[in-house]
Structure formats: C-alpha cells, structure tokens
Amino acid sequence: MDFSLLPAALWLTAQITVLSALIGMAAGVLVVLARRSRVAPLHWLAITWTDVVRGVPPLVWLMLVFLGVGVFTPLGAAVIVFGLVASAYCAEIYRSGLEGVAKGQYEALDALGIPTRTGRLRVVVPQAAVISAPAVASYVIGMVKDTSLASVIGVAELTFVANRAANRTGDGITPFVTVGVLYLLLSLVLALVGRAAAARAESGWAA
C-alpha cells in the first residue's frame, strides 16, 4: 500500500465531513423554521423534505445527483448530497430541542410581556441549542463513516484509496485496517470537539 496517499485522502475525508456538516446545520435551521411556520405550504414542504430525504439511502441520492444531474464534480456532489441529507436530520434534532424546552419558559415570557421573537431568540433558542448539541455532534461523527460512500463516484477519500490498494496488491487487510484506524482517529477528534462545544454551550447558558 502506498501510504503517501493517505494524508491527502484523510484531508479530503475531513473536508467532506466538515463542509457537509456546516451545510447541514445551517440548512437545518431553515427547515425547522419552515416546519414551525404557520404558513401551511412551508410547514408541509418542510415535513415532506425531512421525510423524503431521510427515507432514501444517501447512496441513491449520491448517484442521482452525480449521474442524474451530471453537472457536479465528484467532490461537489458528495458535499451537496451529504449536506442536504444532514439538513433533514439536523432539522429534526433542532425540532426535538425546541420541544424539549419546558413549556413554562414560554408561559413566563408571555407573563413578562416579552415579545415572542425576542424571547425565543434570547431564552428558548439557547436552551434548545444546549439540548440539541450532543445529538448534532453524534450525527456529525456518523457522517465520517458516510463519507466512504463517496468512493463509489470516484472521490479519492480513504475508502477509495484503500480499495485501489487492495485491488492492486491483493492484500485486503492492511489497507482497510489502516483506513479503519484513521476513520476512528478522525471520529475521536470530532467527538472531543463536539463535547467541548456542548460543554461550552451549556456553561454559557448557565452563566
């Protein structure tokens, strides 16, 4: 196995994960806002989006966007697909976080005469963020493993490099054990970052 290819493959895997996660977390906010909207078309569009996106395997979306649409590079298709899939899951996580805030908080805002939008931004959203943070972090860690699907469309990430090495040398153990360790290390780093972010959010709210 040519180990010199691993740093670039690891960097590409990290790029796909981080970029897709950022897209998913940001787009998830828009989806959950639409889901909670009183405008019926937006509300039902958000429900349809989350159900359809989560109901179809990511690999199918990947092939549909890359081969069906046919205007994206392999890397671009991977980032877009994983980002949009993440938006559906993050939206549901955010929704659960908002619903996890005690109803008494909403009643207190009304009793104090605080405008709905101001109160939710300053009181409800921070609490929902604290509740949602661990689940979002867990999902992002799972995205590290999902990036291996990008090898199917030719993205030279870790699984792609390991598969080529196995086909070329006939050794299927060394390449996949090696990239398995790298996946694990990347997941551990993201887990530490996620825990630190969650702890910071919780301490910031408590302060």
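## Section: the overall build of the protein chain
Here is step 1 of the chain: Scanning the protein chain from N- to C-terminus turns up eight helices and zero strands.
Here is step 2 of the chain: Starting at the N terminus and ending at the C terminus, the protein chain contains elements arranged as α-α-α-α-α-α-α-α.
Here is step 3 of the chain: Relative to its full complement of 207 residues, the protein chain shows a buried share of 39%.
Here is step 4 of the chain: Just so you have it, the protein chain exposes about 11500 Å², and 69% of that area is on carbon and sulfur atoms.

## Description of a nonpolar patch on the surface
Here is step 1 of the chain: On the surface, I173, V177, V181, L184, L185 and L188 cluster together into a nonpolar patch covering about 560 Å² of accessible area.
Here is step 2 of the chain: Here L185 lies in helix α8 (residues 173–206).

## So, the pattern of salt bridges
Here is step 1 of the chain: Under the criterion given, the structure shown has four salt bridges.
Here is step 2 of the chain: The partner of E92 in a salt bridge is R35, and the shortest N-O contact between them spans 3.0 Å. Highlighted residues: E92 in helix α4 (residues 74–100) and R35 in helix α1 (residues 6–35), separated in sequence by 57 residues. Accessibility classification places E92 together with R35 in one group, the buried group.
Here is step 3 of the chain: Between E99 and R95 there is a salt bridge, and its shortest N-O distance comes to 3.1 Å. With E99 and R95 both in helix α4, this residue pair falls four residues apart, about one helical turn.
Here is step 4 of the chain: When salt bridges with common partners are traced through the structure, they connect R35, E92, R95 and E99 into a single cluster.

## Structural notes on the confidence of the model for the protein chain
Here is step 1 of the chain: Of the residues in the protein chain, 86% reach a pLDDT of 70 or more, and the chain-wide mean stands at 86.
Here is step 2 of the chain: Mean pLDDT values for the elements of the protein chain range from 61 in helix α5 (residues 103–112) up to 95 in helix α2 (residues 40–55).

## Some words on the side chain of T17
Here is step 1 of the chain: Relative to the helices and strands, T17 is located in helix α1.
Here is step 2 of the chain: With a relative accessible area of 1%, T17 lands in the buried category.
Here is step 3 of the chain: A polar contact of 2.9 Å, which involves the side chain of T17, links it to the backbone oxygen of T13.
Here is step 4 of the chain: If near-sequence neighbours (up to four positions away) are discounted, T17 is found in contact with V140, M143, V144, T147 and L190.

## Here we look at the packing of aromatic side chains
Here is step 1 of the chain: Tallied over the entire structure, the rule returns one aromatic pair.
Here is step 2 of the chain: Measuring from centroid to centroid gives 5.2 Å for Y89 and Y139, while their planes differ by 20°, and the two rings are stacked. Separated by 50 residues along the polypeptide, Y89 in helix α4 and Y139 in helix α6 (residues 116–146) bring together distant segments of the chain.
Here is step 3 of the chain: Looking at Y89, the relative accessible area reads 29%, which means it is partly exposed.
Here is step 4 of the chain: We classify Y139 as buried; its relative accessible area is 16%.

## So, the packing of α1 against α2
Here is step 1 of the chain: Closest axis-to-axis distance for the α1/α2 pair is 7 Å, and the angle between their directions is 130°. What the angle tells us is that α1 and α2 run oblique. Crossing geometry of α1 relative to α2 is assigned as left-handed. For the pair α1 and α2, the contacting residues are V31, A34 and R35 in the first and L42, H43, A46, I47, W49 and T50 in the second.
Here is step 2 of the chain: Of the residues in the contact of α1 with α2, the class split is six nonpolar, two polar and one charged.

## Some remarks on the side chain of S132
Here is step 1 of the chain: For S132, the location among the structural elements is in helix α6.
Here is step 2 of the chain: A distance of 3.4 Å separates the side chain of S132 from the backbone oxygen of I93, its partner in a polar contact.
Here is step 3 of the chain: Setting aside anything within four residues of it in sequence, one finds S132 in contact with I93, Y94 and G97.

## Comments concerning the nonpolar core
Here is step 1 of the chain: Formed by 45 residues in total, the largest nonpolar core has its most connected members in F82, V155 and L158.
Here is step 2 of the chain: Elements with a minimum of two residues in this core: α1, α2, α3 (58–69), α4, α6, α7 (158–169) and α8.

Rules used in this analysis
Residues numbered from 1 in each chain as written. Predicted model: local features only at pLDDT ≥ 70, side-chain atom pairs only at ≥ 80, totals over all residues. Heavy atoms only, no water. Helix = DSSP H or I, 4+ residues; strand = E, 2+ residues; numbered from the N terminus. Buried < 20%, exposed > 50% of the residue type's maximum accessible area, 1.4 Å probe, protein only. Areas by Shrake-Rupley, 256 points an atom, 1.4 Å probe, with all protein chains shown as cover. Patch = residues over 30% accessible without salt bridge, like charges linked within 9 Å, V, L, I, M, F, W, Y side chains within 5 Å. Salt bridge = Lys/Arg side-chain N within 4 Å of Asp/Glu carboxyl O. pLDDT = per-residue confidence, 0-100. Polar contact = N/O pair within 3.5 Å; in protein donor to acceptor, adjacent residues only side chain to side chain. Contact = heavy atoms within 4.5 Å. Phe/Tyr/Trp six-rings, centres within 6.5 Å; stacked < 30°, edge-to-face > 60°. Axes fitted to C-alpha atoms, helices over the stretch in contact; angles between N-to-C directions. Parallel < 35°, antiparallel > 145°, perpendicular 65-115°, else oblique. Left-handed = near helix turned anticlockwise from the far one by under 90°. Nonpolar A, V, L, I, M, F, W, Y, C, P; charged D, E, K, R; others polar. Core = buried A, V, L, I, M, F, W, Y, C linked by side-chain atoms within 4.5 Å.

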